[in-house]
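Listed here are the chains, written in short residue letters.
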Amino acid sequence: GESVGLHLPTLSVQEGDNSIINCAYSNSASDYFIWYKQESGKGPQFIIDIRSNMDKRQGQRVTVLLNKTVKHLSLQIAATQPGDSAVYFCADIYNFNKFYFGSGTKLNVKP
Amino acid sequence: DVKVTQSSRYLVKRTGEKVFLECVQDMDHENMFWYRQDPGLGLRLIYFSYDVKMKEKGDIPEGYSVSREKKERFSLILESASTNQTSMYLCASQRGTDTQYFGPGTRLTVL
């Protein structure tokens, strides 16, 4: 889903702590979900994806959890580093080619 | 690595000018997309293309047109730029039902 507004939600964490970024979606028929990271002045970069028939997927320092019952997706970043500071947004994909993007959460990592 | 490039990182144009934004991908992807990204609104799809010379309207096509004469190149055209078209424009490409890969973006300011 999307949150419409002028300001992005912001999450501030201390370097070394774990971060959890959340996303709600509305389409119960979505095929899969993607998390993107967008650094200032750059285009979005793929981080990790998860199919709708899974509830958890792990990557390097990142874990995505999918709760289809409440249509909720989360991205967990372990041992957050200054280089993780960025805007993170989710996309839910329907019919494998219709992408719906959330507006994002800004992650600030404090040294 | 997939590479999606956009012709300009920053562009300043005047109201009424015709503006061309170019996007090139080097991975022989069939699908290409143009989005605009505005604070708090997420990515909104302007146009997309599934093949050469083929185009489909996205969610906000008004005021824009596109051209895809070659598989690797997808152009976004603002026929007569207006101040409400000041935005970040992102191009993406996709192979089949794979994830979308984004270019670095063009920040367009219309004065």
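Chemist: Got a minute to help me understand the overall build of chain A in this structure?
Modeler: Per the secondary structure count, chain A includes zero helices and ten strands. Moving toward the C terminus, one meets the helices and strands of chain A in the order β-β-β-β-β-β-β-β-β-β. Relative to a compact globule of 111 residues, whose C-alpha radius of gyration would be 13 Å, chain A shows 13 Å and is just as compact. Viewed in the frame of its principal axes, chain A has a C-alpha envelope of about 40 × 30 × 25 Å. The buried share among the 111 residues of chain A stands at 41%. For chain A, contacts bridging at least 24 residues in sequence account for 55% of all contacts bridging at least 6. Surface summary for chain A: the accessible area is close to 5,800 Å², and the carbon and sulfur share equals 47%. Side chains of chain A carry 11 positive and 9 negative charges; the gap between the two charge centres is 1 Å.

Chemist: Would you take a moment to explain the sheet that holds strand β1 (residues 4-6) of chain B for this structure?
Modeler: Within a sheet, neighbouring strands are paired by backbone hydrogen bonds and run either parallel or antiparallel to one another. Residue and element names in this part refer to chain B. Pairing within the open sheet is antiparallel, and its four strands lie in the order β1-β3-β8-β7. A single partner strand is all that each edge strand has here, and the edge strands are β1 and β7 (64-70). Within this sheet the neighbouring strands show an average axis-to-axis angle of 20°, counted without direction. Two strands pair when backbone bridges link them, and β1 and strand β3 (residues 19-25) are joined in this way by three bridges, in the antiparallel orientation. Residue Thr5 lies in a different strand from β3, and its bridge partner there is Val24.

Chemist: Which parts of the structure should I look at to understand the packing of aromatic side chains?
Modeler: The relation between two aromatic rings is expressed through the spacing of the ring centres and the mutual angle of the planes. Going through the model one piece at a time under the given rule, you end up with 13 aromatic pairs over all chains. Between Tyr25 of chain A and Phe33 of chain A, the ring centres sit 4.5 Å apart and the planes meet at 50°, which makes this aromatic pair tilted. Here the two residues Tyr25 of chain A and Phe33 of chain A agree in accessibility, since each one is buried. Plain terms: the ring middles of Phe89 of chain A and Phe101 of chain A are 5.9 Å apart, the flat faces sit at 70° to each other, and that makes the pair edge-to-face. Taken together, the residues Phe89 of chain A in strand β8 (residues 86-94) and Phe101 of chain A in strand β9 (residues 98-101) connect sequence positions twelve residues apart. Of the residues examined, Phe101 of chain A reaches a relative accessible area of 2% and is grouped as buried. By the ring-pair criterion, three or more aromatic residues cluster together here, those being Tyr36, Phe89, Phe99 and Phe101 of chain A together with Phe33, Tyr35, Phe48, Tyr50 and Phe102 of chain B. Seen from the ring of Tyr32 of chain A, Arg51 of chain A lies directly overhead, with NZ or CZ sitting 4.8 Å from the centre.

Chemist: What is the right way to look at the pairing of strand β4 (residues 45-51) of chain A in this model?
Modeler: When a strand is regular, its side chains alternate between the sheet's two faces. Residue and element names in this part refer to chain A. The sheet contact formed by strand β3 (residues 32-38) and β4 spans six bridges and is antiparallel. Following the sheet pairing, Phe33 is matched in β4 by Ile50. Once β3 ends, the chain turns through six residues before running back antiparallel as β4, passing Gly41 with a positive phi of about 80°.

Chemist: In this structure, what is going on with the sheet that holds strand β6 (residues 62-67) of chain A? I would like to understand it.
Modeler: All names here are of chain A. Sheet architecture is open: four strands sit in the order β2-β7-β6-β5, paired in antiparallel fashion. Single-partner strands in this sheet number two, and they are β2 (19-24) and β5 (56-58). Going across the sheet, the axis of each strand differs from the next one's by a mean of 15°, ignoring polarity. Where β5 and β6 come together, three bridges link them in antiparallel fashion. Pairing of Arg57 across the sheet is with Val64, part of β6.

Chemist: What is the right way to look at the interface of chain A and chain B in this model?
Modeler: When the parts come together, some accessible area is lost, and that loss is often what is quoted as the size of the interface. Counting from both sides, the interface comprises 22 residues of chain A and, opposite them, 18 residues of chain B. Between chain A and chain B lies a buried interface of about 1,600 Å² when both sides are counted; carbon and sulfur atoms form 52% of it. By the criterion of area lost to chain B, the three top residues of chain A are Pro44, Asn97 and Phe101 of chain A, representing 26% of everything that side buries. The interface formed by chain A and chain B contains zero salt bridges. For the interface between chain A and chain B, the tally reads six residue pairs in polar contact (both at pLDDT 80 or more). It is β3 of chain A that provides the largest number of residues to the side of chain A that touches chain B, a total of four residues.

Reading guide: rules and limits
Residues numbered from 1 in each chain as written. Chains lettered and ligands numbered in written order. Predicted model: local features only at pLDDT ≥ 70, side-chain atom pairs only at ≥ 80, totals over all residues. Heavy atoms only, no water. Helix = DSSP H or I, 4+ residues; strand = E, 2+ residues; numbered from the N terminus. Rg over C-alpha atoms; globule rule 2.2 N^0.38 Å. Buried < 20%, exposed > 50% of the residue type's maximum accessible area, 1.4 Å probe, protein only. Contact = heavy atoms within 4.5 Å. Areas by Shrake-Rupley, 256 points an atom, 1.4 Å probe, with all protein chains shown as cover. Lys, Arg positive; Asp, Glu negative; His and termini not counted. Charge placed at Lys NZ, Arg CZ, Asp CG, Glu CD. Pairing = 2+ DSSP bridges. Axes fitted to C-alpha atoms, helices over the stretch in contact; angles between N-to-C directions. Phe/Tyr/Trp six-rings, centres within 6.5 Å; stacked < 30°, edge-to-face > 60°. Lys NZ or Arg CZ within 6 Å of the ring centre and 35° of its normal. Buried area = accessible area lost by both parts, 1.4 Å probe. Salt bridge = Lys/Arg side-chain N within 4 Å of Asp/Glu carboxyl O. Polar contact = N/O pair within 3.5 Å; in protein donor to acceptor, adjacent residues only side chain to side chain.

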